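Observations on the three-dimensional arrangement
The residues making up each chain are set out below.
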Amino acid sequence: MPRIVKIVHQQLLPQFFTPLVFLTALSFMKKPTSKRLFLLLLLTYLQILSGIYLGWFLMFSLPIFLGIAYKLESEARHRFITYWKKSHKQIIGITLSWLVLTVFTLFPYLKAKLVLGGRSYSGVDTMIPRISSWFSVPPGSLWSSLLGWVSRDLPMQHEHHLFAGLTLILLTGLSIYTILRLKSLLTIQRYKIIKICLIVFIIIFCLSLRLPFGLSLWRIIYEVVPGASVIRAVSRIWTIAYFYLFIAVLLNADSLLKTLVNSKYLRLLIVSVICLISVSEQIVLNLPNYEKAPWIEEVAELRDLMQTNCDFAYVSLNPARPFWAEQLTAMWAGIEANVPVVNGYSGNEPPNYGTTTESMDTAMILHWLDIASKNIQGRLCMISPNLGEKTDSLISNYAVQEITSFSNKFTSATIQFPLQKLFAQGITVLDIPSNPVYTSSSIKIVALVENKSNFIWTQEGKNKTNFSYRWIDANGKLAEFDGDGDRTSLPWDVSPEDFFAVNAIVRTPPTPGKYQLILTMVQEDVAWFNDKNTNHPTIPMDVVPPQTY
């Protein structure tokens, strides 16, 4: 069941190399050779390539498995020590080569972590298995009527459906009883393997278990073990925990049947009944399904658009469909077209990206691209579904080319980077003190401000935008004094065509005279808007000493 309900997470399906790693590890313990060590590491690497979660959990479990095996089997330990003394240079060389290859393969993930940072433990905590997780069943399961209540209070419920059936629980209990009371019924080799696998399962179970009040040994794993801080869905550790448990219970059941049941046909009957019950327990109804053809056709259309004068692209989402389906379609089209896309669907989002659940407008995309890469160049294709909605004004103003796809499902507009910033503002003064005003005093000005630029005014960061002012004296020179150009922060990030009201405190010059008060926006360390555009209020002001007023 845990694997069936993850059918939509295809990265959790290809676990083919894990049993081969297990078999190779057993043969290596029996007779350690460089060839077997190379094969063991190669198969582990192939499992990493098949799926990051599956590969990482396998690597996490191998030291536990080998540590327990060598601890319990002194002969295997002595064989390895002898092999080490004889071939330690080969061991180091093979291991280092594997490590370099693995790090090189994972380099994009390491690079992404430098940008995104590791996951916070609070985000991981919601998906650490609880005791109830191992008895949680998905909707549509034959067990849901009896055990559906178990997952009622679990966070991220869909990640906690770990129950694999009553048969497995009974076989696990039988295996533990056999190890403790009936080990004479097992061969020495099977006894050791069953015992080791049961212990490994128990250790993984305990290390990944979250107790009440947030207590969990996984916090130590998260802090210490390489790669653990980026594993968000810890509950998926069932993929490796159940593997070791299956090995133990199946070897034990096989041994007991062969030892206690002499009749071949009776053994076949018992196995058939167990299999029938086990399979029936795993049935889950109403699994997600869809017709591939329409999506393939849509991906092909987007791919063709992206391959036409696009250096990078963004596909607006259709609000009538699930956001994740739209994001994945755009990403897949980008892969086929070999064109980077701004779209994304992940457990992590880049800094300042916004949200993946809703479409970003042109201003948001331009802003994110600007702060993500200051020197970005090329043609951005803004692709949107033809829904009969009003065209984004920024696309209308700054697109250099418009193309309509053959099937008329999408429209693509091209914007050339680097984009020439337009420092435009609309400032309407609503209230201003009567003229004249005192020297070295503070006056209050109320104004309504509109963002007429082609970029978002942000209230934070090195290049944030503020409301400010300047005083020009009778000679047309900028009056400079303490308090000149004080900033008034934005109430929020202001997108193009958005308005906000401002109550600004303006400091007056210390020298009397006739002045022009200029109200303007300023993007820090970039530009004063009044220097780039003449559209700004200029208010004549007489500044007089207090005693002459």
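Everything in this summary refers to the structure shown in the same document.

Definitions and limits used
Residues numbered from 1 in each chain as written. Predicted model: local features only at pLDDT ≥ 70, side-chain atom pairs only at ≥ 80, totals over all residues. Heavy atoms only, no water. Core = buried A, V, L, I, M, F, W, Y, C linked by side-chain atoms within 4.5 Å. Buried < 20%, exposed > 50% of the residue type's maximum accessible area, 1.4 Å probe, protein only. Helix = DSSP H or I, 4+ residues; strand = E, 2+ residues; numbered from the N terminus. Contact = heavy atoms within 4.5 Å. Disulfide = S-S within 2.5 Å. Expected span 1.5 Å × (residues − 1). Bend = angle between axes of the 7 residues up to and from the residue. Pairing = 2+ DSSP bridges. Phe/Tyr/Trp six-rings, centres within 6.5 Å; stacked < 30°, edge-to-face > 60°. Lys NZ or Arg CZ within 6 Å of the ring centre and 35° of its normal. Axes fitted to C-alpha atoms, helices over the stretch in contact; angles between N-to-C directions. Salt bridge = Lys/Arg side-chain N within 4 Å of Asp/Glu carboxyl O. Parallel < 35°, antiparallel > 145°, perpendicular 65-115°, else oblique. Left-handed = near helix turned anticlockwise from the far one by under 90°. Nonpolar A, V, L, I, M, F, W, Y, C, P; charged D, E, K, R; others polar.

Quick look at the nonpolar core
- F65, W218 and Y244 are the most contacted members of the largest nonpolar core, which totals 68 residues.
- At 11 residues, the largest contribution of residues to this core is made by helix α3 (residues 52-72).
- In contact with F65, other than residues within four places in its own chain, are F22, A25, L26, M29, I196, V200 and Y244.
- Counting 29 residues, the second-largest nonpolar core is a separate cluster that includes V449, V494, M521 and I539.

Side note on the state of the cysteines
- In this structure the tally under the stated criterion is 1 disulfide.
- The disulfide partner of C310 is C381, and the S-S distance across this bridge is 1.9 Å. Measuring the twist about the S-S bond at about -100°, one finds the C310-C381 disulfide to be left-handed. On the criterion of sequence distance, the pair formed by C310 in the loop between α13 (292-306) and β1 (312-315) and C381 in strand β2 (residues 378-385) is long-range, its members being 71 residues apart.
- The buried category is assigned to C310, whose relative accessible area is 10%.
- Looking at C197, it has no disulfide partner, and the nearest cysteine sulfur is the one in C206, 16 Å off.
- On the accessibility criterion, C206 (39% relative accessible area) is partly exposed.

Considerations on helix α4 (residues 74-105)
- Relative to the 46 Å expected for 32 residues at 1.5 Å per residue, α4 spans just 36 Å between its end C-alpha atoms, considerably shorter than the ideal helical length.
- At S87, α4 shows its largest kink, close to 90°.
- Among the residues of α4, those classed as buried are A76, Y83, S87, I91, I94, W98 and T102.

Describing the pairing of strand β8 (residues 465-472)
- Buried residues dominate β8, accounting for 8 of its 8 residues.
- Residues T465, F467, Y469 and W471 point to one face of β8 and N466, S468, R470 and I472 to the other, with burial holding for every one of them.
- Direction of pairing for β8 relative to strand β11 (residues 513-523): antiparallel, over a ladder of 8 bridges. For S468, the partnering residue across the bridge sits in β11 and is T520.
- Looking at chain direction, β8 and strand β9 (residues 488-489) are connected through 2 bridges and run antiparallel. Its bridge partner being in β9, N466 is matched across the sheet by S489.

Focus on the packing of aromatic side chains
- A full pass over the atoms with the stated rule returns 32 aromatic pairs.
- Between F243 and Y244, the ring centres sit 5.5 Å apart and the planes meet at 75°, which makes this aromatic pair edge-to-face. Accessibility classification places F243 together with Y244 in one group, the buried group.
- Counting every residue linked through ring pairs, the aromatic cluster contains Y53, W56, F57, F60 and W218.
- In this structure, R236 is placed above the aromatic ring of Y53, and the distance from its NZ or CZ to the ring centre is 4.8 Å.
- Taking the ring centre of F455 as reference, the NZ or CZ of K421 above it sits at 4.6 Å.

Let's talk about the sheet that holds strand β5 (residues 425-431)
- The 3 strands lie next to each other as β5-β7-β10, forming an open sheet whose pairing is antiparallel. In this open sheet, the two edge strands, each paired with only one partner strand, are β5 and β10 (499-507). On average, each strand axis in the sheet is tilted by 35° relative to the strand beside it, whichever way the strands run.

Comments concerning the pattern of salt bridges
- Scanning the entire structure with this criterion turns up 17 salt bridges.
- Between R303 and E336 there is a salt bridge, and its shortest N-O distance comes to 3.0 Å. Taken together, the residues span a long stretch of sequence, with R303 in helix α13 and E336 in helix α14 (residues 323-337) at a distance of 33 residues.
- A relative accessible area of 24% means that R303 is categorised as partly exposed.
- By relative accessible area, which is 37% here, E336 ends up partly exposed.
- Taken together, the shared-partner salt bridges connect K6, E159 and R236 into one network.

As for the packing of helix α2 (residues 34-50) against α3
- At a minimum axis separation of 5 Å, α2 and α3 run at an interaxial angle of 145°. Of α3, the residues touching α2 (which contributes T44, Q47 and I48) are I52, L54, G55, L58, M59 and L62.

A short note on the packing of α3 against helix α9 (residues 188-207)
- Taken N-terminus to C-terminus, the directions of α3 and α9 make an angle of 135°; their axes are 10 Å apart at the nearest point. When the interaxial angle is binned, α3 and α9 end up oblique. Two packed elements cross with a definite hand, and for α3 against α9 that hand is right-handed. Note on element contacts: α9 touches α3 through K195, I196, I199, V200, I203, I204 and L207, opposite F60, S61, I64, F65, I68, A69 and L72.
- A breakdown of the residues in the contact of α3 with α9 according to their chemical character gives 12 nonpolar, 1 polar and 1 charged.

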